[in-house]
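The lines below spell out each chain.
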Amino acid sequence: MTPASGVTLREVQPDDLDLFFAHFQDPEAKRMAAFGPADPVDRERFDAHWKRNIAEYVVRTVLADGEVAGSVCVYGEPGDLQVTYWIDRAHWGRGVATAALRAVLEVVPERPLFARAAADNAGSVRVLEKCGFAVTGHERGFANARGAEIDELVLTLSG
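Residues numbered from 1 in each chain as written. Predicted model: local features only at pLDDT ≥ 70, side-chain atom pairs only at ≥ 80, totals over all residues. Heavy atoms only, no water.

Going by what an unreviewed UniProt entry lists, the protein is known as GNAT family N-acetyltransferase and is assigned to Streptomyces albidochromogenes.

Below you can see the structure in the form of structure tokens.
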């Protein structure tokens, strides 16, 4: 088991995109995350999206004991900053997402921060709540990975 102390963040390196793209192809992970691109296999669009995000926002590679385990990002406009993360399924249930989110929250002091999760994604909701986020809203949205409209939770981290 990877202890939380074995989780670190670093700047995204070009080779990380290959791993991130591979992580995003996992059918179970896509189903759990639910909200993603309409065409998740479009590598050109994926690369353009990531390069833009890296240039504009706080984006970090998550390492678990030195191995690339995923990514974490804070994006958006001041007053409406959102957090998102993606952890490779091989690292689920090991505290990696919680440790990564806590680490990026130290890098980005602005509050409030917002997050969204599929209402049935108990693991992601639990990670957010462990990091101080609270459910502040409910919405419905079209989930590309599920091909249907689903319930989504809005969570907020205040002060």
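After presenting the structure, the write-up continues.
### Side note on the overall build of the protein
A count of helices and strands for the protein gives five helices and seven strands. In the protein, the succession of α and β elements from N to C terminus is β-α-α-α-β-β-β-α-β-α-β-β. The C-alpha radius of gyration computed for the protein amounts to 15 Å, which stays within 12% of the reference 15 Å derived for 159 residues, consistent with globular compactness. Seen through its C-alpha atoms, the protein measures out along the principal axes to roughly 35 × 35 × 35 Å. Relative to its 159 residues, the protein shows a buried fraction of 44%. For the protein, restricting intrachain contacts to residue pairs at least 6 apart in sequence, the fraction spanning at least 24 positions comes to 63%. If the 17 positive side-chain charges of the protein are averaged to one point and the 24 negative ones to another, these points end up 4 Å apart. (Helix = DSSP H or I, 4+ residues; strand = E, 2+ residues; numbered from the N terminus. Rg over C-alpha atoms; globule rule 2.2 N^0.38 Å. Buried < 20%, exposed > 50% of the residue type's maximum accessible area, 1.4 Å probe, protein only. Contact = heavy atoms within 4.5 Å. Lys, Arg positive; Asp, Glu negative; His and termini not counted. Charge placed at Lys NZ, Arg CZ, Asp CG, Glu CD.)

### Considering the nonpolar core
Counting residues in hydrophobic clusters, the biggest one holds 29 residues, and the most contacted among them are V62, V83, L101, L113, L128 and F133. Elements represented by at least two residues in this core include exactly β2 (58-64), β3 (67-75), β4 (81-87), α4 (96-107), β5 (113-118), α5 (122-130) and β7 (148-157). With seven residues, the top contributor of residues to this core is α4. Excluding residues that lie within four positions of it along the chain, L101 makes contacts with V83, Y85, V127, L128, C131 and F133. Listed in part, the 13 residues of the second largest apolar core include F24, A29, L63 and V68. (Core = buried A, V, L, I, M, F, W, Y, C linked by side-chain atoms within 4.5 Å.)

### Examining the side chain of D26
Note that D26 resides in the loop between α1 (16-23) and α2 (27-33). By relative accessible area, D26 is classed as buried at 14%. There is a polar contact of 2.8 Å between the side chain of D26 and the backbone nitrogen of E28. (Polar contact = N/O pair within 3.5 Å; in protein donor to acceptor, adjacent residues only side chain to side chain.)

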